[in-house]
Amino acid sequence: MSVIAVTGSASGIGAAVCEFLANQGHTIIGIDRQTDEKFTQVSADLSSPQGRVAAIEHVKALAKGQLSGLVCCAGVGVTAPDAALITSVNFFGVTELVEGLKSDLYQNDNPAVVVIGSVAATAQLAGPHAMVDTMLGGDETQTRQLAQSANAPQISYAASKYAVTCWARQQAAAEGNKGLRINVVAPGAVETPLHQASKEDPRFGEAVKKFVAPVGRAGQPAEIAATVGFLISEQASFVTGSVLFVDGGMDAMVRAKYF
Ligand code: NAI
């Protein structure tokens, strides 16, 4: 079994991914700004370039050349303290970590990256926003300025998830011939502290509560973790560049004709 780094390991989906992969016999290196005793060995703030560099160096030191998987779960939602933070964590906190750990991933068999996107990436407001271009252009300063002036966390969130999904697919196309697989899992509503905070938010809570998936319930973190486990495994050896919706049918309900 192999060494897999997981961001957002202290809570929700990330913690469930750690649990699932550890039960399969993998060695886990958890990364989070919060501490927990179970899986989080790397304490890092992925919202800043310095925090990401520190995280990358610490993971490399712990993995000792054995890293074969990276799962990027860390993220903040619409209740984050400011709209710019959403873009820094959800986009640059993923892309810079993947870039920084790629050389280590290549040293091992069946290297794979899974990025946690969101069904929100498909929202109409995500694609056309200028923030998407600045994110994909790698310009964090400009992105943060755009996010701050728009001051609309729901746009920052949807745009960050759309951009990170596009980026992952571009990477899959570019890196495929070197053997690195990159896939995106796009959850719908999942019962975690992030989702609970959205439901309680006076601005967005009612809309979040009304948006119920066809299956009639929110998902559990373990249901997302099982999908991540499949995409990391060799059973998914021909799967790369895919966006797998794990959303109780939400995407099918909203956009049945787009896939
Ligand atoms: P959560 O709040 O339970 O867990 C997120 C984790 O990320 C926390 O442990 C937090 O400390 C960590 N984190 C946040 N900012 C960080 C930073 N700057 N540096 C290091 N770690 C940081 O949330 P949840 O729901 O488990 O979210 C995981 C991912 O799933 C996120 O990317 C989120 O956008 C995505 N997602 C969640 C959905 C939901 O309904 N829960 C739906 C769709 C996507």
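The name recorded for the protein in an unreviewed UniProt entry is SDR family oxidoreductase, from Shewanella submarina. Looking at the protein in UniProt, the text filed under Sequence similarities (unreviewed entry) is "Belongs to the short-chain dehydrogenases/reductases (SDR) family."

### Some remarks on the site of the ligand
In the vicinity of the ligand there are 30 residues, among which Ser11, Ile13, Asp32, Tyr157 and Thr192 approach most closely. Measuring from an oxygen atom of the ligand, one finds a backbone N or O atom of isoleucine 13 at 2.8 Å. In the complex, 96% of the free accessible area of the ligand, which totals 830 Å², lies under the protein chains. Every element with two or more residues in the shell around the ligand is listed here: α1 (12-23), α6 (153-175) and α7 (193-200).

### Focus: the sheet that holds strand β3 (residues 40-43)
Read across the open sheet, the seven strands follow the order β3-β2-β1-β4-β5-β6-β7; overall the sheet is parallel. One side of each edge strand has no neighbouring strand; the edge strands of this open sheet are β3 and β7 (243-246). Taking the axes of each pair of neighbouring strands and ignoring which way they run, one obtains an average angle of 20° across the sheet. Direction of pairing for strand β2 (residues 27-32) relative to β3: parallel, over a ladder of three bridges. Pairing of aspartate 32 across the sheet is with serine 43, part of β3. Against the sheet, helix α3 (residues 83-105) touches β1 (3-7), β2, β4 (67-72) and β5 (112-116), its axis set at about 170° to β4. This element, α6, spans β5, β6 (181-187) and β7 of the sheet and lies at about 155° to β6.

### Topic: unusual backbone geometry
For residues besides glycine, phi is generally negative; the peptide bonds are generally trans as well. Unlike most non-glycine residues, asparagine 110 shows phi in positive territory, near 45°. Mapped onto the elements of the fold, asparagine 110 is located in the loop between α3 and β5. Classification of asparagine 110 by relative accessible area gives partly exposed; the value is 23%. The phi dihedral of asparagine 151 falls on the positive side, at around 50°, and the residue is not glycine. Tracing the sequence through the fold places asparagine 151 in the loop between α5 (140-150) and α6. On the accessibility criterion, asparagine 151 (60% relative accessible area) is exposed.

### Focus: the environment of threonine 240
Here threonine 240 shows up in the loop between α9 (221-232) and β7. In this structure, the C-alpha to C-alpha distance between threonine 240 and glutamine 171, residues 69 residues apart in sequence, is 9.6 Å. The residues touching threonine 240, leaving out its near neighbours within four places in the chain, are Ala172, Leu180, Arg181, Ile182 and Asn183. Within the structure, the side chain of threonine 240 is placed 2.9 Å from the backbone nitrogen of isoleucine 182, a separation counted as a polar contact.

### Quick word on the packing of helix α2 (residues 49-63) against α3
One way to put it is that α2 packs onto α3 with a least axis distance of 10 Å and a crossing angle of 35°. Two packed elements cross with a definite hand, and for α2 against α3 that hand is right-handed. For the pair α2 and α3, contact is made by Pro49, Arg52, Ala55, Ile56, Val59 and Lys60 and by Ser88, Phe92, Gly93, Glu96, Leu97, Gly100, Leu101, Ser103 and Asp104, respectively. Among the residues making up the contact of α2 with α3, the classes are represented as seven nonpolar, four polar and four charged.

### Comments concerning the state of the cysteines
What the rule picks out here adds up to zero disulfides. Take cysteine 73: it sits in no disulfide, and the sulfur closest to it among the cysteines is that of cysteine 18, at 7.3 Å. Here cysteine 166 is not cross-linked by a disulfide; its sulfur's nearest cysteine counterpart is in cysteine 72, at 16 Å.

Calculation criteria
- Residues numbered from 1 in each chain as written.
- Predicted model: local features only at pLDDT ≥ 70, side-chain atom pairs only at ≥ 80, totals over all residues.
- Heavy atoms only, no water.
- UniProt positions renumbered as here; feature names shortened; annotations may be inferred.
- Near = heavy atom within 4 Å.
- Polar contact = N/O pair within 3.5 Å; in protein donor to acceptor, adjacent residues only side chain to side chain.
- Areas by Shrake-Rupley, 256 points an atom, 1.4 Å probe, with all protein chains shown as cover.
- Helix = DSSP H or I, 4+ residues; strand = E, 2+ residues; numbered from the N terminus.
- Pairing = 2+ DSSP bridges.
- Axes fitted to C-alpha atoms, helices over the stretch in contact; angles between N-to-C directions.
- Contact = heavy atoms within 4.5 Å.
- Buried < 20%, exposed > 50% of the residue type's maximum accessible area, 1.4 Å probe, protein only.
- Left-handed = near helix turned anticlockwise from the far one by under 90°.
- Nonpolar A, V, L, I, M, F, W, Y, C, P; charged D, E, K, R; others polar.
- Disulfide = S-S within 2.5 Å.

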